[in-house]
Amino acid sequence: MVPRYLIDFSLNELPRVETDVMVIGAGIAGLFTTIRASEANRVLIITKPKSLLESNTRYAQGGIAAVISDEDSPDYHLQDTLNAGAGLCDHDAVEVLVHEGPAGVKDLIAMGTQFDLENGELALTKEGAHSQRRILHAHGDATGAEIVRALSEKTRQNRNVTIWDDHFVIDLVTANGVCHGAIVQKPDGQRVFVRAKATVLCSGGAGQLYRYTTNPEIATGDGIAIAYRAGAIVRDVEFIQFHPTSLCYPGAPRFLISEALRGEGAVLRNIKGERFMEKYDPQLELAPRDIVARAILDEMEQTKSTFVYIDITHEPAEMVKHRFPNIYEFCLNYGLDLTSDWIPVAPAAHYMMGGVKTDLNGETSIKRLYACGEVSSTGVHGANRLASNSLSEAIVFGRRIIEHIRTLAPLEETPEIEERSHRPEHPMQAIVEKRLKLQKVMLRYVGLKRDAVGLEKGLDELKRQLKIYETCLTKREEYEFANLLTLAMLTTESALNREESRGGHYREDFPEKNDLVWRKHIHLQRENGITEERIHDVLRKS
């Protein structure tokens, strides 16, 4: 159904580039891993945008979670993460995160990241489902942009790093379960084989699966799709996190309204002006994201509205402007004053908890292929990511990946590989139309609420697009659509298979969580189909 390679090629006929480490993607995971890898390796970092500054990380507002305060502890952070993950977190992976996160933050500071300070100490805030103030932030609500600024500057200055921007990784090259590198398309359309001792996927998430998302246009799930085609195990992709509060206003994009607003006292109101979270969870507005998002959806359905309001007007105006300068300015551009107006918001696709399965060293089921950041499934997030754990995960496992790469022996000779499917046709229908149709299918049938009838219908509609794999693809938008289609089908199949509700996956026909049957991961592999992995260790330890 999904082919091994998207294009026809002969490896021996392609120009060849050699490097020690190839990093695919330039968000926090890619930049941080590149910098650490360059200490002992030649590194090639490949990014499809024309700038190192463009990534999901850039749009991260809230911050990065780490145990900094004396009042906090790794045990508190561990328990909060396990609670949010709804029984599917890997206990050992969470232990790694909470204990190694503070050292990762120190690395970021050493690399030039300037976090906000209060009285000479790192400023900390609180977000949904956190029991303590442990969220570091920068320039109020521009944490991701500050991290990318610092890391991209350090990357550009590094003599051991070669940067290929505006390039596209089409497929990984593997032989006998080992990754040898990737086939890359240059801006002029030329294809090259990049051979690397180690390949690190840091390609981010897949918000573009949905019509409404907080993610930028580049978030098309490329890394998960190319890893799946290469034979890697993909895990838990039914768990999509919809951020509860994205701006929902005529003429404005679905701009993220950070969870940190609720951490600083903002409340949610329906269109009648009524607070409603007390009906859904004792943690009110600071409940886990899946609970808040579905509560908002319920209120929208009950009031026949397309939005609810977030209200922080009761807090001092100067505090709001100082703490959330970017959100304040963005809303003001559309005639909305955060200090005096209720801001209309609605849920939007935000983060994929699943991804390419890795071990605690960040290595996938394919040797010499690693995954870091949102593209990965380390086991940290379980069924629902705890706010601000994603940036922490990227630096913690980025450090571990580089430590493991240092143990690798030289790469064996790459065998001759050919793919001759003789794809004769070019896509007929405009890719932009195909992409919009896919996004509408995912929104309608694989969104915040799901059921078997809708999932089956959605899968049938997606399969009608399979002809794309039989055509001759040459452009970035064509590769992106092929990747989105792969991931859309995997997400829908996983959601159909999991007959329960848990975290970011909610089935109206199976509304209860079922630990007896479903406390397990769903694996998808191109050659082996769907398999399951029972979580014995988590049951024992937690």
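This write-up is about the structure you can find in this document.

With that settled, the discussion passes to the overall build of the chain. Of the regular secondary structure elements, the chain holds 15 helices and 23 strands. Out of the 542 residues belonging to the chain, those deemed buried represent 63%. Long-range pairs, those at least 24 residues apart, make up 72% of the contacts in the chain between residues at least 6 apart in sequence. Carbon and sulfur atoms make up 47% of the accessible area of the chain, which amounts to about 20,400 Å² in all. Taking the average location of the 65 positive side-chain charges in the chain and that of its 78 negative ones, the two points are 3 Å from each other.

Attention now goes to the sheet that holds strand β7 (residues 124–125). Pairing in this open sheet of three strands is antiparallel, and the strands run β4-β8-β7 from one edge to the other. In this open sheet, the two edge strands, each paired with only one partner strand, are β4 (64–65) and β7. As judged from the two bridges shared by β7 and strand β8 (residues 135–136), these two strands associate in the antiparallel manner. Across the sheet, residue L124 finds its bridge partner in β8, namely L136.

Along the chain, R498 falls in the loop between α13 (476–497) and α14 (515–518). Judged by its relative accessible area of 0%, R498 falls in the buried class. Here W518 takes part through its backbone oxygen, which lies 2.9 Å from a polar atom of the side chain of R498. Residue contacts for R498: discarding those within four places in its chain leaves L88, D236, E238, F239, H505, R507, W518, K520, H521 and I522.

What follows concerns the pattern of salt bridges. Side-chain pairs of opposite charge can arise where the charged atoms are in close proximity. Following the criterion strictly, the structure yields 42 salt bridges and no others. Taking the shortest distance from any N to any O, the salt bridge between E470 and K467 comes out at 3.9 Å. For K467, a relative accessible area of 46% gives the class partly exposed. A network of salt bridges, in which partner residues are shared, links R36, E39, D107, R399, E403 and R406.

Looking now at the layout of surface pockets. Empty space within the second largest pocket amounts to approximately 400 Å³. Lining the second largest pocket we find 16 residues, and of these L297, M300, P347, L443 and L448 sit closest to its centre. Looking at the lining of the second largest pocket, the elements that each hand over two or more residues are α7 (289–302), β17 (343–352) and α11 (431–445). Of the residues contributing to the lining of the second largest pocket, the split by class is 10 nonpolar, two polar and four charged.

All right, on to the packing of helix α12 (residues 452–463) against α13 then. Remark: α12 packs on α13, axes separated minimally by 10 Å, with the N-to-C direction vectors making an angle of 155 degrees. Taken together, the axis directions place α12 and α13 in an arrangement best described as roughly antiparallel. As for the relative orientation of α12 and α13, their crossing is left-handed in sense. For the pair α12 and α13, contact is made by A452, L455, E456, L459, L462 and K463 and by L485, A488, M489, T492, E493, A495 and L496, respectively. Residues that form the contact of α12 with α13 fall into these classes: nine nonpolar, one polar and three charged.

This next bit is on the side chain of Q241. Residue position: Q241 is located in strand β14 (residues 240–247). Those residues in contact with Q241, other than ones at most four positions away along the chain, are R289, A348, A349, H350, Y351, M353, N384 and R385.

Its identity is not glycine, yet K304 carries a phi of approximately 55 degrees, on the positive side. Considering the arrangement of structural elements, one finds K304 in the loop between α7 and β16 (308–311). K304 gets classed as exposed once you look at its relative accessible area, which sits at 77%. Positive phi, close to 70 degrees, is recorded for R368, a residue that is not glycine. Looking at the secondary structure, you find R368 in the loop between β18 (355–357) and β19 (369–371). Classification of R368 by relative accessible area gives buried; the value is 11%.

Moving on, we come to the sheet that holds β17. On the basis of which strands lie adjacent, the open sheet formed by four strands has the order β14-β17-β16-β15 and antiparallel pairing. Sheet topology places β14 and β15 (267–269) at the edges, where each strand pairs with a single neighbour. Sheet twist, expressed as the average angle between the axes of neighbouring strands with direction ignored, equals 45 degrees. Where β16 meets β17, three bridges bridge the pair, whose relative direction is antiparallel. Each bridged residue has a counterpart across the sheet, and for Y309 the counterpart in β17 is P344.

This part takes up a positive patch on the surface. A grouping of R211, K437, K440, R444, K457 and R464 is seen on the molecular surface, where their side chains present a positively charged patch. On the secondary structure map, K437 appears in helix α11.

Taken as a whole and judged by the stated rule, the model has eight aromatic pairs. Ring geometry for Y5 against F9: centres 4.8 Å apart, planes inclined by 80 degrees, an arrangement best described as edge-to-face. Three or more aromatic residues joined by ring pairs make a cluster, and in this case those are F255, F330 and Y334. Looking at R4, its charged tip hangs above the ring of Y5, at a distance of 3.9 Å from the centre.

Bringing the pairing of strand β12 (residues 191–201) into the picture now. Taken across its 11 residues, β12 has nine buried, putting it largely inside the fold. As defined by bridge partners, strand β2 (residues 16–24) adjoins β12 across eight bridges and the pair is classed as parallel. Bridging across to β12, T19 finds its partner in A196. In this sheet, β12 lies alongside strand β11 (residues 178–185) in antiparallel orientation, the contact comprising five bridges. Within β12, the position partnered with A182 by the bridge is V194. Where β12 meets β19, three bridges bridge the pair, whose relative direction is parallel. Of the residues in β19, the one forming a bridge with L201 is A371.

Conventions and cut-offs
- Residues numbered from 1 in each chain as written.
- Predicted model: local features only at pLDDT ≥ 70, side-chain atom pairs only at ≥ 80, totals over all residues.
- Heavy atoms only, no water.
- Helix = DSSP H or I, 4+ residues; strand = E, 2+ residues; numbered from the N terminus.
- Buried < 20%, exposed > 50% of the residue type's maximum accessible area, 1.4 Å probe, protein only.
- Contact = heavy atoms within 4.5 Å.
- Areas by Shrake-Rupley, 256 points an atom, 1.4 Å probe, with all protein chains shown as cover.
- Lys, Arg positive; Asp, Glu negative; His and termini not counted.
- Charge placed at Lys NZ, Arg CZ, Asp CG, Glu CD.
- Pairing = 2+ DSSP bridges.
- Polar contact = N/O pair within 3.5 Å; in protein donor to acceptor, adjacent residues only side chain to side chain.
- Salt bridge = Lys/Arg side-chain N within 4 Å of Asp/Glu carboxyl O.
- 1 Å grid on protein atoms, 1.4 Å probe; cavity = no way out; pocket = protein on both sides within 12 Å on 5 of 7 lines; lining within 4 Å.
- Points joined across faces, edges and corners; volume = space filled by probe spheres on them.
- Nonpolar A, V, L, I, M, F, W, Y, C, P; charged D, E, K, R; others polar.
- Axes fitted to C-alpha atoms, helices over the stretch in contact; angles between N-to-C directions.
- Parallel < 35°, antiparallel > 145°, perpendicular 65-115°, else oblique.
- Left-handed = near helix turned anticlockwise from the far one by under 90°.
- Patch = residues over 30% accessible without salt bridge, like charges linked within 9 Å, V, L, I, M, F, W, Y side chains within 5 Å.
- Phe/Tyr/Trp six-rings, centres within 6.5 Å; stacked < 30°, edge-to-face > 60°.
- Lys NZ or Arg CZ within 6 Å of the ring centre and 35° of its normal.

So far we have only geometry, and geometry alone does not tell us how the molecule works.
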